[in-house]
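Chain by chain, the residues:
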Amino acid sequence: MPPVVRAVASLLLGVAFLMLGNGALSTLIGLRLAATESGATAVGMITAAYYAGLTLGSLYAHRIITRVGHIRSFAAFASIVSVAALSHALFADPPLWAVLRLTQGFCMAGLYMCIESWLNGTATNESRGQLLSAYMVTLYGASGVGQQLLRLDDETGVQLFMIVSILLTLALVPVALTRTTPPQLPNVSSFGIRRLYQSSPLGVAGVFISGSITGSIYGLAPVFGAASGFGVSGTALFMSVLILGGMALQWPLGRLSDRFDRRSVIIGLSAALSLTSLGMIAAAGMEQPLVLMLVAPLFGGLSFTIYPVCLAHTNDYVRREDMVSASGGLILANSVGAIIGPPAASALMTVIGPAGLFSFIAGGALCATLYGLWRTRVRPPLPAEAQAAFRPLPQTTPTVSPLDPMSALKSPMAR
């Protein structure tokens, strides 16, 4: 383990506990509601509530952290997230669950802010890339592995909520015992959407569509799995391969975008995702879970790669000193997409069945493809050597933006 990563190992352990618990909880909610009369609709609204809370937390949780400090804020946020998780077992009521997920989203944003500002405070210009990679692997890896906790569910339906609550509480321990000095929150002021759109129309449209797609996957893919007869174990495996596929393909596809016009790569990714979504619908019609499991990693990889490539594309058109605020604005645009997408996808699932999820994603990806093709006609491409190097960033809060190594480079050149 590199020394710089070892220095923040306790923070990353806390992240792992958080993502193990929160990742399992999101899928568990979908499975619990899948068999009800309003299953997809309820899950869509509850998922939207979570992302609404995450957006609000990204905008306002810093006030709490600034007032009481990182460790106290982390303890408070983690405790509330844990209590809310356990409350799902006590009150099986979708409207209340929406309120609980709204609260959890706000607190998760606060937790991300605490951790990401700690990582920023530890990072140097030379170590940002290593820290960012370790953080990304922890986020995606723990979320993917956390899906397997669903296999521990019991007949009472309470045990798994208890396990999730335990994991979320355990996230407190390594952070509370850390000897790393709490840093100041970075000053991350986000670009306005209009200014961002003027700089990179395709970047903004792409991250918005990406948010609607990934938000729908996290919330509604478990509903699809349950309706397809996967069972708990099969749905857990399905979600794991989706998420881990998303982690595995980001780097190679992102590096590809360094060598070609990024707009062409975004168009290609979007078109491939649209076709792969149709392939998922066809595989679902075969009633062969193995076929779906084989296509799922590619589907997940394409779905989760659109955001970082669109982020890199936007960075090609903003000044380096503005990259942090631009990235913050894109994260918020992505969150808005994640609020809108799940209810829309759930409405389509209600009308045409479980495969409506992939129909929604195919339609969204097709819109990105067509818009990208139009953009190539109205703006000339940048030379490959003028493009900023690809660096994936997680879709958490704007506080993560300064971890991008490109943001540390001081150059007045406008791209």
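Residues numbered from 1 in each chain as written. Predicted model: local features only at pLDDT ≥ 70, side-chain atom pairs only at ≥ 80, totals over all residues. Heavy atoms only, no water.

Asker: How do you make sense of the overall build of the chain when you look at a structure like this?
Answerer: Check the secondary structure of the chain and you find 15 helices and zero strands. Relative to a compact globule of 415 residues, whose C-alpha radius of gyration would be 22 Å, the chain shows 20 Å and is just as compact. C-alpha atoms of the chain, sized along the principal axes, occupy 60 × 50 × 35 Å. By residue count, 59% of the 415 residues in the chain fall in the buried class. Taking the intrachain contacts of the chain between residues at least 6 apart in sequence as the baseline, contacts between residues at least 24 apart amount to 85%. (Helix = DSSP H or I, 4+ residues; strand = E, 2+ residues; numbered from the N terminus. Rg over C-alpha atoms; globule rule 2.2 N^0.38 Å. Buried < 20%, exposed > 50% of the residue type's maximum accessible area, 1.4 Å probe, protein only. Contact = heavy atoms within 4.5 Å.)

Asker: I'm lost on the environment of P174 in this one. Help?
Answerer: Here P174 lies in helix 8 (residues 172-176). Taking C-alpha positions, P174 is 34 Å from G44, a pair spaced 130 residues apart along the chain. Contacts of P174, omitting those with residues within four sequence positions, involve S10, L13 and G14.

Asker: Is there a simple way to explain the side chain of T369 in this structure?
Answerer: Locating T369 in the fold gives a position in helix 15 (residues 356-378). Looking at T369, the relative accessible area reads 8%, which means it is buried. Ignoring any residue separated from it by four or fewer positions in sequence, one finds T369 in contact with I267, S270 and A271.

Asker: Is there a simple way to explain the state of the cysteines in this structure?
Answerer: By definition, a disulfide links the sulfur atoms of two cysteine residues through a covalent bond. Using the criterion set out here, one finds zero disulfides in the structure. C114 provides the cysteine sulfur closest to C107, a residue in no disulfide bond, and the two sulfurs are 11 Å apart. (Disulfide = S-S within 2.5 Å.)

Asker: Explain the environment of L177 to me, please; I cannot follow it from the model alone.
Answerer: Relative to the helices and strands, L177 resides in the loop between helix 8 and helix 9 (193-199). Taking the relative accessible area as the measure of exposure, L177 reaches 66% and is therefore exposed. For the pair L177 and L330, spaced 153 residues apart in the sequence, the C-alpha separation amounts to 34 Å.

Asker: Hey, could you run me through the packing of aromatic side chains in this one?
Answerer: Describing an aromatic ring pair means giving the distance of the ring centres and the angle of the ring planes. For the structure on display, the rule yields 10 aromatic pairs. Measuring from ring centre to ring centre gives 5.5 Å for F230 and F238, while their planes differ by 70 degrees; the resulting arrangement is edge-to-face. For the pair formed by F230 and F238, the shared burial category is buried. On the numbers, 5.3 Å between centres and 75 degrees between planes, the contact of F299 with F358 is edge-to-face. On the criterion of sequence distance, the pair formed by F299 in helix 13 (residues 289-315) and F358 in helix 15 is long-range, its members being 59 residues apart. The same class applies to F299 and to F358, which are both buried. The ring of Y317 has R379 sitting right over it, with the charged end atom 4.1 Å from the ring centre. (Phe/Tyr/Trp six-rings, centres within 6.5 Å; stacked < 30°, edge-to-face > 60°. Lys NZ or Arg CZ within 6 Å of the ring centre and 35° of its normal.)

Asker: Explain the packing of helix 13 against helix 14 (residues 323-352) to me, please; I cannot follow it from the model alone.
Answerer: Axis angle and axis distance: for two packed helices, these are the angle between their axes and the distance between the axes, and together they describe the pair. For the pair helix 13 and helix 14, the least separation of the axes is 10 Å and the interaxial angle reads 145 degrees. The hand of the helix 13/helix 14 crossing is right-handed. For the pair helix 13 and helix 14, the contacting residues are Y307, L311, T314 and N315 in the first and M323, S327, L330, I331 and N334 in the second. Residues belonging to the contact of helix 13 with helix 14 are distributed by class as follows: five nonpolar, four polar and no charged. (Axes fitted to C-alpha atoms, helices over the stretch in contact; angles between N-to-C directions. Left-handed = near helix turned anticlockwise from the far one by under 90°. Nonpolar A, V, L, I, M, F, W, Y, C, P; charged D, E, K, R; others polar.)

Asker: Looking at this model, I keep getting lost on the side chain of T47. Mind explaining?
Answerer: Mapped onto the secondary structure, T47 falls in helix 3 (residues 39-68). With sequence-adjacent residues up to four places away left out, T47 is seen in contact with G215, G219 and P342.

Asker: Explain the environment of L28 here, please?
Answerer: Relative to the helices and strands, L28 resides in helix 2 (residues 9-34). On the accessibility criterion, L28 (1% relative accessible area) is buried. Expressed as a C-alpha distance, the spacing of L28 and R195, which sit 167 residues apart in the sequence, is 39 Å.

Asker: I tried to follow the nonpolar core on my own but got confused; where do I start?
Answerer: Soluble, globular proteins show a tendency: their nonpolar side chains are buried together. Formed by 123 residues in total, the largest nonpolar core has its most connected members in F74, M108, Y135, F238 and L357. The element contributing the most residues to this core is helix 2, with 14 residues. Not counting chain neighbours up to four residues away, the residues in contact with F238 comprise A221, F224, F230, M280, M293, A296 and F358. (Core = buried A, V, L, I, M, F, W, Y, C linked by side-chain atoms within 4.5 Å.)

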